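Structural characterization, general
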Amino acid sequence: MRVLVVGGGAREHALVRAIVRSPLVSETVALPGNAGIAREVRCIGGRVDDVPAVVDVALRERIDLVVVGPEAPLVAGLVDALAAAGIRAFGPPRAGAELEGSKAFCKRFMKRHGIPTAPFEVFDDADAAERHVRALGRPLVVKADGLAAGKGVVVASDVDEACAAIDAMMRARVFGDAGARVVIEERVHGQEISFHAICDGERFVPLAAAQDHKRIFDGDRGPNTGGMGAYSPPTVVTDAVHARIVREVIAPTARGLAADGIPFRGVLFAGLMLDGDTLNVLEFNVRFGDPETAVLMARLDTDIVPLLDGAARGALPTAALPVVASPAIAVVIAAAGYPGAVRTGDPISGLEEAAAVPGVSVLHAGTAKKDEVLVSSGGRVLCVTALGSDLDDAAERAYRAVDAIALPGSQHRRDIGASGRRRQTPRPASS
Ligand SMILES: Nc1ncnc2c1ncn2[C@@H]1O[C@H](COP(=O)(O)OP(=O)(O)O)[C@@H](O)[C@H]1O
Ligand SMILES: [Mg+2]
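To keep things clear, this report deals only with the structure shown in the data block. (Residues numbered from 1 in each chain as written. Chains lettered and ligands numbered in written order. Predicted model: local features only at pLDDT ≥ 70, side-chain atom pairs only at ≥ 80, totals over all residues.)

1. Looking at the overall build of the protein
Selection rule: A helix here means a DSSP run of H or I that spans at least four residues, while a strand means a run of E at least two residues long, and both kinds are numbered starting from the N terminus. Just to be clear, the radius of gyration here is over C-alpha atoms, and the globule rule we use is 2.2 Å times residues to the power 0.38. Any residue surrounded by 20 or more other C-beta atoms within 10 Å of its C-beta is treated as buried, while 12 or fewer makes it exposed and the intermediate range makes it partly exposed; C-beta atoms here are placed from the backbone.
Counting secondary structure elements, the protein contains 13 helices and 22 strands. Computed over its C-alpha atoms, the radius of gyration of the protein comes to 21 Å, within 12% of the 22 Å expected for a compact globule of 431 residues. Structurally, the protein occupies a C-alpha span of about 60 × 55 × 45 Å along its principal axes. Each of the 431 residues in the protein was classed as buried or not, and the buried ones make up 49%.

2. Description of the packing of helix H7 (residues 126–136) against helix H8 (residues 159–171)
The line we're drawing: Comment: axis = line fitted to C-alpha atoms, over the contacting stretch for helices; angle = value between 0 and 180 degrees taken between N-to-C directions. Orientation is classified from the angle alone, with under 35 degrees giving roughly parallel, over 145 giving roughly antiparallel, 65 to 115 giving roughly perpendicular, and any other angle giving oblique. Residues are defined as contacting one another if the C-beta atoms placed from their backbone atoms lie within 7 Å. Under the grouping applied here, Gly and all other residues not named as nonpolar or charged are polar, the nonpolar ones being Ala, Val, Leu, Ile, Met, Phe, Trp, Tyr, Cys and Pro and the charged ones Asp, Glu, Lys and Arg.
Look at H7 against H8: their axes get within 10 Å of each other, and the N-to-C directions meet at 170°. One finds that H7 runs roughly antiparallel with respect to H8. For the pair H7 and H8, the contacting residues are Ala126, Ala129, Glu130, Val133 and Arg134 in the first and Val159, Ala162, Cys163, Ile166, Asp167, Met170 and Arg171 in the second. The residue makeup of the contact of H7 with H8, split by class, is eight nonpolar, no polar and four charged.

3. Side note on the site of ligand 1
Defined as follows: What makes a residue near a molecule or strand is its C-beta atom, placed from the backbone, lying within 6 Å of it. Domain limits in this description derive from either an automatic procedure or a database domain assignment.
Surrounding ligand 1, one finds 14 residues, the nearest of these being Val141, Val153, Arg187, Val188 and Glu283. Breaking the shell around ligand 1 down by element, the ones donating at least two residues are strand E8 (153–155) and strand E17 (278–285). Two domains each donate at least three residues to the shell around ligand 1, and these are domain 2 (125–180) and domain 3 (191–313).

4. Observations regarding the packing of helix H1 (residues 10–20) against helix H10 (residues 292–299)
Formally: Take the far helix as your reference; a near helix turned counterclockwise from it by less than a right angle gives a left-handed crossing, and one turned clockwise gives a right-handed crossing.
Relative orientation of the contacting elements H1 and H10 amounts to 15°, with a least axis distance of 8 Å. In terms of their interaxial angle, H1 and H10 are classed as roughly parallel. Along this stretch, H1 crosses H10, giving a crossing that reads as left-handed. Residues Ala10, Arg11, Ala14, Leu15, Arg17 and Ala18 of H1 lie in contact with H10, whose contacting residues are Thr293, Ala294 and Met297.

Here it is, written out as structure tokens:
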């Protein structure tokens, strides 16, 4: 089987590493990939959301299975265009990608299918949205309807902050058309959990739960990012909680998609809030999480290709997945300036020493080769992943590898997984 992986982050590097190990695969290519992916498979330049160009590459390369990493090409209809060209793809069609591409669609879907989520209203008019917020007079969450690169949600602490968010999104259009419509919902509290399931349009297999760390600084302070690290499994997701998430969230969602006539063959990724016995879905994503994929692939103890290809064919093998008992941690190394204006072109060294730490795998995100030197080329540069006998051990290995890597001006968190383990990993005196 010939496989094309679309995307160029640590998520796609983790997927490529898992895919090339499969005896079912004769060749894997990536579009556009990155400098780390290029060490393992052939990379072809191009934009992931240029749908006709990606379809051309898939045809030219005689690809049997396209695995789509990011959400933008899914929302742009890549899977529909591939299907029209007779090419199998892992990822939902545009109609299914609406679960991530429109928060209003997602909330209405959940309400219609009885999936637990915070009460909400949808507004197309800024004045009406403000009147609603003032009438309720309590802290609410304001969400831009469309894709806003992870910046479109304001958890407002008072009415004025909520109204300011409405003004910025709907009148000033800081997110462009993505903010023409907003969802205003009740604030919920608790522990955030990432939960992935692979679906074939009818059946599904759940993966292990994970927790990610969105803020740039230790202690969940500072601005939001694409994700600074993740770990699995989170302590709060006991077997009973896992079963409950499958029963109350994943199963009705898969059933609802099928009932709505949407052949969803890809990843259902639920962003959950768990507060004691109260479970709420904050959002759905329609692709693998980044950095969650790093820890999920590290812990998945089976060939991923029958799962990806089975889902794409609508014939998923649904036996329970073997997961290694060892926990995993992923620590993101980001460039200077991230998540604001990012400095690129800085040299990266120490990767061999890092990868030599037992249990560690160093995934590339924003990396490129310049005059034969490995340099940073994006906000999130590397994702250092480690398996360990317990979370403390995994963290110790991951941070030993992180400390072996040099990238001028880089930033990373020291407390990844701390909510699930006993001690934090001190920074060595030398750095
Ligand atoms: N109803 C809510 N109550 C409290 N916090 C929320 C709520 N909805 C979202 N959040 C917070 O905002 C973050 C982003 O919201 P989310 O719906 O996941 O959108 P996106 O990932 O597209 O930015 C969440 O990770 C969570 O921390
Ligand atoms: Mg989210």
